[in-house]
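Report on the structure
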Amino acid sequence: MKIATLLLFLLLISQNTFAQTATDEIALRAFELMRENKLGEAIAEIGKEIAIEPKNPSRYIARANIYRMAKDQANARKDAEFAIQLDPGSEKTLLLAVRVLQTGSREDCERNLGFIDAFLATSSGSASVYGSRGMARSCLGHTLGAFADMSRAAELDPTETSYQNNRANMISRLGDDKKALELYQVIIDELKPKIIKEKGTGMEGHSMLDLRGIYRSRAAAHERMGNMDLAIEDLTKGVELYEDENSLKPRYDAYRKTGRLAEAIADLSKMIVFSKKPFLPETTPPVAPFAVEGMKRRIAAQLFERSTLFTTLGKYQEALADLKECLEYDPSVKDRIEKRIAEVKSKQANAFAKPK
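In this report, the structure presented in the accompanying data block is examined.

**Here we look at the pattern of salt bridges**
Following the criterion strictly, the structure yields 33 salt bridges and no others. Put simply, Arg111 and Asp108 hold a salt bridge, and the shortest N to O gap is 3.3 Å. Here Arg111 and its partner Asp108 are both found in helix 7 (residues 106-122), three residues apart, which amounts to about one turn of the helix. A relative accessible area of 21% places Arg111 in the partly exposed class. On the basis of relative accessible area, Asp108 is assigned to the buried category, the value being 1%.

**Here we look at the packing of helix 9 (residues 143-156) against helix 10 (residues 161-173)**
Packing of helix 9 against helix 10 leaves a shortest axis separation of 8 Å and a crossing angle of 155 degrees. Overall, the two elements helix 9 and helix 10 adopt an arrangement that is roughly antiparallel. Relative to helix 10, helix 9 is oriented so that their crossing is left-handed. The residues of helix 10 that touch helix 9, namely those facing Thr143, Ala146, Phe147, Met150, Ser151, Ala153 and Ala154, are Tyr163, Gln164, Asn166, Arg167, Met170, Ile171 and Arg173. Residue composition of the contact of helix 9 with helix 10, by class: eight nonpolar, four polar and two charged.

**Side note on the nonpolar core**
With 36 residues, the main nonpolar core has Met34, Ile66, Leu94 and Val129 as its most contacted residues. Mapped onto this core, the elements with two or more residues apiece are helix 2 (22-35), helix 3 (39-52), helix 4 (57-69), helix 5 (73-86), helix 6 (91-100), helix 7, helix 8 (127-139) and helix 9. When sequence neighbours within four positions are dropped, the list of residues in contact with Ile66 reads Met34, Leu39, Ala42, Ile43 and Ile46. Core analysis: the second largest hydrophobic core is formed by 31 residues, Leu248, Ala254, Phe310 and Ala319 among them.

**Concerning the packing of helix 3 against helix 4**
Where helix 3 contacts helix 4, the two axes come as close as 10 Å, and the packing angle between them is 170 degrees. Here helix 3 lies roughly antiparallel to helix 4, going by the angle between them. Along the contact surface, helix 3 presents Leu39, Ala42, Ile43, Ile46, Gly47, Glu49 and Ile50, while helix 4 presents Arg59, Tyr60, Arg63, Ile66, Tyr67 and Met69. Taken together, the residues of the contact of helix 3 with helix 4 break down into nine nonpolar, one polar and three charged.

**Focus: helix 7**
Here helix 7 contains 17 residues, and its C-alpha end-to-end distance of 25 Å stays within 8% of the 24 Å for a straight helix at 1.5 Å per residue. Looking at the buried positions of helix 7, the neighbouring elements they touch are helix 5, helix 6 and helix 8.

About the cut-offs
Residues numbered from 1 in each chain as written. Predicted model: local features only at pLDDT ≥ 70, side-chain atom pairs only at ≥ 80, totals over all residues. Heavy atoms only, no water. Salt bridge = Lys/Arg side-chain N within 4 Å of Asp/Glu carboxyl O. Helix = DSSP H or I, 4+ residues; strand = E, 2+ residues; numbered from the N terminus. Buried < 20%, exposed > 50% of the residue type's maximum accessible area, 1.4 Å probe, protein only. Axes fitted to C-alpha atoms, helices over the stretch in contact; angles between N-to-C directions. Parallel < 35°, antiparallel > 145°, perpendicular 65-115°, else oblique. Left-handed = near helix turned anticlockwise from the far one by under 90°. Contact = heavy atoms within 4.5 Å. Nonpolar A, V, L, I, M, F, W, Y, C, P; charged D, E, K, R; others polar. Core = buried A, V, L, I, M, F, W, Y, C linked by side-chain atoms within 4.5 Å. Expected span 1.5 Å × (residues − 1).

Following this line, the structure appears as structure tokens:
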């Protein structure tokens, strides 16, 4: 988990950075425990806050987030729901609870939809509320309703690109890719001058990342229409705007689907470099202890994937090097890796044995 996300948790569980109250001191102790991956102890600390302020919904939201980190979704759900019960008229509490429940499961999507519908029955909602309901409806396959919500969100906050993007996505899902492409182009034309205006303002990069997201959405529409060259062209524009794992992964997938394996390997290699960066000695801040194992497993998975591509291209030495490195990052897959190494060596021997 990135440091920015940890800071979000700190804001959720502490009302005062300098810990001037008992609950603030407890919150800071819980935050430090989270950094040390002592999630059970962090949950216990938040329980002390709740004992002091049993009717403060933000405390339950904080604990719900830690439960979610601990992969205890049942208790995360319970705390998020109770926070809403404590403060049913609060849009802030609703949105924080909904975020906890954005797991992608149908059960949680239905739950979010119910909470938001109940809130809107008695209150006027902001763009964020309609946007959240649009996401819940989209998750449940209610595309028309999701389109209506995203349109309403875009009307309430025309400056938020994500609502316009999601509205175009819904139009594409409804089968009108041509109209969706027109809308994507409108958004692109609006964002390009914004990128120029943002330079040196402190907001630099915001519109650039929005534009990258639009190119990715339009690429998906091109792919659905069978235009993979245009899809890759848009994904490449996204990479050129801001190169990181988020922009490289969709282009890598497109290259792999179209059989352009050398280019796929090039993108995957860059992704592996990004994944390894947190473990470099000069990296500041260092990787939080609770994140280390998960990040190492991801690197191992990427190396295994690249070894498969190398094997397909007949680059057996490169494939074997990747497989051996896999073991350094995730020894738990030793049996699987050793079996795969034997398979690659067998293919290598067969290739050398063939007459040239």
